[in-house]
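Tertiary structure, described
One letter stands for each residue in the lines below.
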Amino acid sequence: MKNFVRSFYDFNRDSPQERQERNQLYPELAKFHIALREEMSEEEYQEFYRAEREAARNLMLPNQTNPTQWIRM
């Protein structure tokens, strides 16, 4: 079984249970997104959300180009 941390953006926004779990795990980020939705148009918010989700996904992926190297002493 893989043991990994789910990003705020990995939860299904259409599922009430997953939204609740996400909001419990990331309460400050959830409040931030609520405030953003109030300040932005729906289109602006969706574009922001997509960009943040993609950025989070890129941070979570291991770098495949640099193989792990052991340091010998």
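Scroll up to find the structure.
Cut-off values and rules
Residues numbered from 1 in each chain as written. Predicted model: local features only at pLDDT ≥ 70, side-chain atom pairs only at ≥ 80, totals over all residues. Heavy atoms only, no water. Phe/Tyr/Trp six-rings, centres within 6.5 Å; stacked < 30°, edge-to-face > 60°. Helix = DSSP H or I, 4+ residues; strand = E, 2+ residues; numbered from the N terminus. Buried < 20%, exposed > 50% of the residue type's maximum accessible area, 1.4 Å probe, protein only. Lys NZ or Arg CZ within 6 Å of the ring centre and 35° of its normal. Core = buried A, V, L, I, M, F, W, Y, C linked by side-chain atoms within 4.5 Å. Polar contact = N/O pair within 3.5 Å; in protein donor to acceptor, adjacent residues only side chain to side chain. Contact = heavy atoms within 4.5 Å.

Next up on the list: the packing of aromatic side chains. Aromatic ring pairs are defined here through the distance separating the ring centres and the angle between the ring planes. As enumerated under the stated definition, the model contains 5 aromatic pairs in all. Between Phe-8 and Tyr-26, the ring centres sit 6.0 Å apart and the planes meet at 85°, which makes this aromatic pair edge-to-face. Here the residue Phe-8 occupies a position in the segment before α1 (16-25), and Tyr-26 occupies one in the loop between α1 and α2 (27-39), the gap between them amounting to 18 residues. A relative accessible area of 23% means that Tyr-26 is categorised as partly exposed. Seen from their ring centres, Tyr-9 and Tyr-49 are 5.1 Å apart, and the 70° between their planes marks the pair as edge-to-face. Taken as a pair, Tyr-9 in the segment before α1 and Tyr-49 in helix α3 (residues 42-60) lie far apart in primary sequence, 40 residues in all. Comparing Tyr-9 with Tyr-49, the two get one shared label, buried. By way of ring pairs, the aromatic residues Phe-8, Tyr-9, Tyr-26, Tyr-45 and Tyr-49 are connected into one cluster. Here the guanidinium or amino end of Arg-6 rests over the ring plane of Phe-11, the centre of that ring lying 4.0 Å away. For the cation-ring pair, Arg-13 lies above Tyr-49, with the distance from its terminal atom to the ring centre recorded as 3.8 Å.

If you look at the biggest cluster of nonpolar residues, it comprises 7 residues: Phe-8, Tyr-9, Ala-30, Leu-36, Tyr-45, Tyr-49 and Ala-56. Elements that contribute at least two residues to this core include exactly α2 and α3. With 3 residues, α3 is the single largest residue contributor to this core.

Moving on to the side chain of Gln-46. Position of Gln-46 among the secondary structure elements: in helix α3. Its relative accessible area of 17% is what places Gln-46 among the buried residues. A polar side-chain atom of Gln-46 sits 2.6 Å from a polar atom in the side chain of Glu-42. The residues contacting Gln-46, other than those within four sequence positions of it, are Arg-13 and Arg-37.

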